Amino acid sequence: MLALRTSAVLAAAALAIAAAPVHAQDEKKEIEKYQKMLAEGSPVELFELEGADLWKKKQGPKNESLEKCDLGMGPGVLKGAYAHLPRYFADTGRVMDLESRLVHCMVTLQGRDYKEATKRVFGNADKPSELEYLAAYVVGKSRGVKIAVSTRNPKAKAAYELGRQLFHYRAGPWDFSCASCHGVAGKRIRMQSLPLLDKPSGARRTYATWPAYRVSNSQMKTFQWRLNDCYRQMRFPEPTFGSDATVALTMFLAVTANGEPYDGPGTKR
Amino acid sequence: MKSKSVHLLLGGLAAALLAAQLAYADPTLLEVRAVMHRDFHARGQAVMSRVDQDDVQYLCTITRDKPPAHRVKEMEAAQLAMIRYPADGNYIGDWKRGAKIASSGKGMTWKEKPGQNRGGGCYNCHQLSPKQESYGTIGPSLKHYAKVRPGIEGQKYVYGKIYDSKAFNLCTQMPRFGTSHSLTEQDIKDVTAYLLDPASPVNQ
Amino acid sequence: MPGPMKIRATLKGSYTDIRVLMSHPMETGLRKAQGKLVPAHFIENITVKVNGKTVVKAQTSQAISRNPVFAFRVKGGNKGDMVEIGWVDNKGESNKTEAAVA
């Protein structure tokens, strides 16, 4: 039965390829080749190594490490944790994504002030942020784990629904929503292909390769940054780091990507 | 007793909601807007009123860009009335300056000052000059556009379309560059020239 | 203090593939930040040793990206051989690390 289904899928894929114009196909192949080269030369592992050190580093008023941080699978359990985020956390009564949960651990375990811990969430090439290193380390522990974000909890479900509404919310001087760019398959801005993000076909691969190292500016970027910079380009006001709105949007995209083996931290152009 | 009557009331509400569209189970746009006011903050020129929707944005959001025909006519007419055509009746500016505006994807973000780096971002979505290979595909190709929109009628159309795209296609993804004060009258004339001037690379 | 390095050395039958990641700003000396030139800062020499024996010596320049990746293919090799890679930059800073062939 499984074999039969596979062959049916293959036949459908072959048809789709046959129907696509040859020129576009070559272009796509070339871009994929380039992306493979990028991945082979990627320094993401260096960020994972730095992140591992930061995870174990004792700091803050309590002089504690983050080793007991509970990312949803129990204190200190990292394997597969990112593949289940965002999720509802009973201890805070909130749905949290990776970054907001990491900050929560800095505050509760290390005794740090929230403002201090979030003072510099986005770094640059010369000085990446603590969260960028930590995110690289934590997500690397979910490599190969299937994304399985649950909406069983009512608050998680509500976050998903809110995220879906936010995705389609058109506003700002240029009338954009996320869907303006990510609501149709096969489009691009300049030479950059735009993933369709409200359907699994586009969301799965894209979501599974964030956070990511960007070769063009030598920076490790988190998903919170990805959303922040999208809203900047949409000409919106700035989304507040770790806010419910950003977590909800992440929730919507993560659930849409469910089932995809996580494959980050990724490498982007 | 009290809890029972509440139940009955809720039951009635649920039936009414079910009879309506499934979408009513979602948070309403007013709730979404309230969330945005709480979870976003003003930065530079990107003020909080930017998350408040006008009637076009609202209708396009709730209908997922498929507005009902009976609303389209009246609302496009209202948008058309927003367009301020040049007082001198001249729609064509300097295509060379227009080329720069068409290539620039900058302006209006929280990192820029008001009026700074005014760009039209045209190449983000459209093919224009056949020589520029880096173009987006969200909008149609505008290569050799002078052939598509000839004469003074074409000039007026292009000027108006850049000024307020929603007057011609209510839920288009294209911004309203004049109505939103993203581009000045001169900027729009220059981009119009870039699209229609026979000497512009778009028409070569 | 220089950032981390990571070596991956894999035996592929009759040869060994060695891949190394290095943290380094690799400043060309031509880039400006806030109007001022950022001083040149780049790796000049790389040495690869297998079981203590030098197998590659490389001179490198500003033309290499930040956080570079290098790959070498070395004839022969056995599982468990120790690969040691070190670099020295134009400021005299250096770093090295080692890993076993897998």
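This write-up is about the structure you can find in this document. Please read all numbers here as calculations on a predicted model, not as lab measurements.

A few points about the overall build of chain B
So, point 1. Along the backbone of chain B there are 9 helices and 1 strand.
So, point 2. When burial is assessed residue by residue, chain B has 43% of its 204 residues classed as buried.
So, point 3. Within chain B, contacts between residues at least 6 apart in sequence are counted, and of these 57% link residues at least 24 apart.
So, point 4. For chain B, the accessible surface area stands at approximately 11200 Å², while carbon and sulfur atoms represent 59% of it.

A few points about the overall build of chain C
So, point 1. When helices and strands are tallied, chain C shows 0 helices and 9 strands.
So, point 2. The linear arrangement of helices and strands in chain C, starting from the amino end, is β-β-β-β-β-β-β-β-β.
So, point 3. Seen along its three principal axes, the alpha-carbon backbone of chain C occupies a region of about 50 × 20 × 20 Å.
So, point 4. By residue count, 38% of the 102 residues in chain C fall in the buried class.
So, point 5. Excluding contacts between residues fewer than 6 apart, the proportion of contacts in chain C whose partners are at least 24 apart in sequence is 55%.

Comments concerning the interface of chain C and chain A
So, point 1. Every contact between the two is made by 14 residues of chain C and, on the other side, 14 residues of chain A.
So, point 2. Between chain C and chain A, the buried area comes to about 1100 Å², and carbon and sulfur atoms account for 51% of it.
So, point 3. Across the chain C-chain A interface, the total number found is 5 salt bridges.
So, point 4. The salt bridge involving Arg66 of chain C is made with Asp126 of chain A; its shortest N-O contact spans 2.9 Å.
So, point 5. Joining chain C to chain A, the criterion identifies 4 residue pairs in polar contact (both at pLDDT 80 or more).
So, point 6. At the level of elements, strand E1 (5–11) and strand E2 (15–22) of chain C are the ones that each hand at least two residues to the side of chain C that touches chain A.
So, point 7. Residue classes in the side of chain C that touches chain A are distributed as 5 nonpolar, 3 polar and 6 charged.

Examining the state of the cysteines
So, point 1. What the rule picks out here adds up to 2 disulfides over all chains.
So, point 2. With its sulfur 1.9 Å from that of its partner, Cys60 of chain B forms a disulfide with Cys171 of chain B. The sign of the S-S torsion, about -90°, decides the handedness of the disulfide formed by Cys60 of chain B and Cys171 of chain B: left-handed. Pair noted here: Cys60 of chain B is in helix H3 (residues 55–62) and Cys171 of chain B is in the loop between helix H8 (151–163) and helix H9 (185–196), with a separation of 111 residues, a long-range link.
So, point 3. We note that Cys181 of chain A lacks a disulfide partner, and the nearest cysteine sulfur, in Cys125 of chain B, lies 6.3 Å from it.

Thoughts on the interface of chain B and chain A
So, point 1. The interface is formed by 52 residues belonging to chain B together with 35 residues belonging to chain A.
So, point 2. Of the roughly 4000 Å² buried between chain B and chain A, counting both surfaces, carbon and sulfur atoms make up 55%.
So, point 3. Taken together, chain B and chain A are joined by 5 salt bridges.
So, point 4. Here Asp65 of chain B makes a salt bridge to Arg170 of chain A, at a shortest N to O gap of 2.8 Å.
So, point 5. For the pair chain B and chain A, the number of links is 31 residue pairs in polar contact (both at pLDDT 80 or more).
So, point 6. Listed by contribution, the elements that provide at least two residues to the side of chain B that touches chain A are helix H2 (29–39), strand E1 (40–41), H3 and helix H6 (122–125) of chain B.
So, point 7. It is H2 of chain B that contributes the most residues to the side of chain B that touches chain A, 7 residues altogether.
So, point 8. The pairing of strand E7 (residues 238–239) of chain A with E1 of chain B spans 2 bridges and is antiparallel. Bridge pairing in E1 of chain B links Pro239 of chain A to Phe40 of chain B.

A word on the arrangement of the chains
So, point 1. Most contacts, among the 2 pairs of chains that meet, fall between chains A and B.
So, point 2. Separated without contact, chain B and chain C have their nearest C-alpha atoms at a distance of 16 Å.

Comments concerning the packing of helix H3 (residues 44–56) of chain A against helix H6 (residues 130–140) of chain A
Residue and element names in this part refer to chain A.
So, point 1. With their axes 7 Å apart at the nearest point, H3 and H6 run at an angle of 100° to one another. Considering the angle they form, H3 stands roughly perpendicular to H6. Across the interface between the two elements, Phe47, Glu48, Glu50, Gly51, Ala52, Leu54 and Trp55 from H3 touch Glu130, Tyr133, Leu134, Ala136, Tyr137, Val138 and Gly140 from H6.
So, point 2. Tallied by class, the residues present in the contact of H3 with H6 amount to 9 nonpolar, 2 polar and 3 charged.

Thoughts on the environment of His70 of chain B
Residue and element names in this part refer to chain B.
So, point 1. On the secondary structure map, His70 appears in helix H4 (residues 69–80).
So, point 2. With relative accessibility at 62%, the residue His70 sits in the exposed group.
So, point 3. Spatially, the C-alpha atom of His70 lies 37 Å from that of His41, the residues being 29 residues apart in sequence.

Considerations on the pattern of salt bridges
So, point 1. For the structure on display, the rule yields 34 salt bridges over all chains.
So, point 2. Residue Arg97 of chain B is joined to Asp187 of chain B by a salt bridge in which the shortest nitrogen-to-oxygen separation is 2.9 Å. Taken together, the residues span a long stretch of sequence, with Arg97 of chain B in helix H5 (residues 95–103) and Asp187 of chain B in helix H9 at a distance of 90 residues.
So, point 3. Among the residues examined, Arg97 of chain B registers a relative accessible area of 33% and is labelled partly exposed.
So, point 4. Of the charged contacts in the structure, one is a salt bridge between Asp17 of chain C and Arg73 of chain C, with a shortest N-O distance of 2.9 Å. One end of the pair, Asp17 of chain C, is in strand E2; the other, Arg73 of chain C, is in strand E7 (residues 69–75), with 56 residues separating them in the sequence.

Rules of the game
Residues numbered from 1 in each chain as written. Chains lettered and ligands numbered in written order. Predicted model: local features only at pLDDT ≥ 70, side-chain atom pairs only at ≥ 80, totals over all residues. Heavy atoms only, no water. Helix = DSSP H or I, 4+ residues; strand = E, 2+ residues; numbered from the N terminus. Buried < 20%, exposed > 50% of the residue type's maximum accessible area, 1.4 Å probe, protein only. Contact = heavy atoms within 4.5 Å. Areas by Shrake-Rupley, 256 points an atom, 1.4 Å probe, with all protein chains shown as cover. Buried area = accessible area lost by both parts, 1.4 Å probe. Salt bridge = Lys/Arg side-chain N within 4 Å of Asp/Glu carboxyl O. Polar contact = N/O pair within 3.5 Å; in protein donor to acceptor, adjacent residues only side chain to side chain. Nonpolar A, V, L, I, M, F, W, Y, C, P; charged D, E, K, R; others polar. Disulfide = S-S within 2.5 Å. Pairing = 2+ DSSP bridges. Axes fitted to C-alpha atoms, helices over the stretch in contact; angles between N-to-C directions. Parallel < 35°, antiparallel > 145°, perpendicular 65-115°, else oblique.

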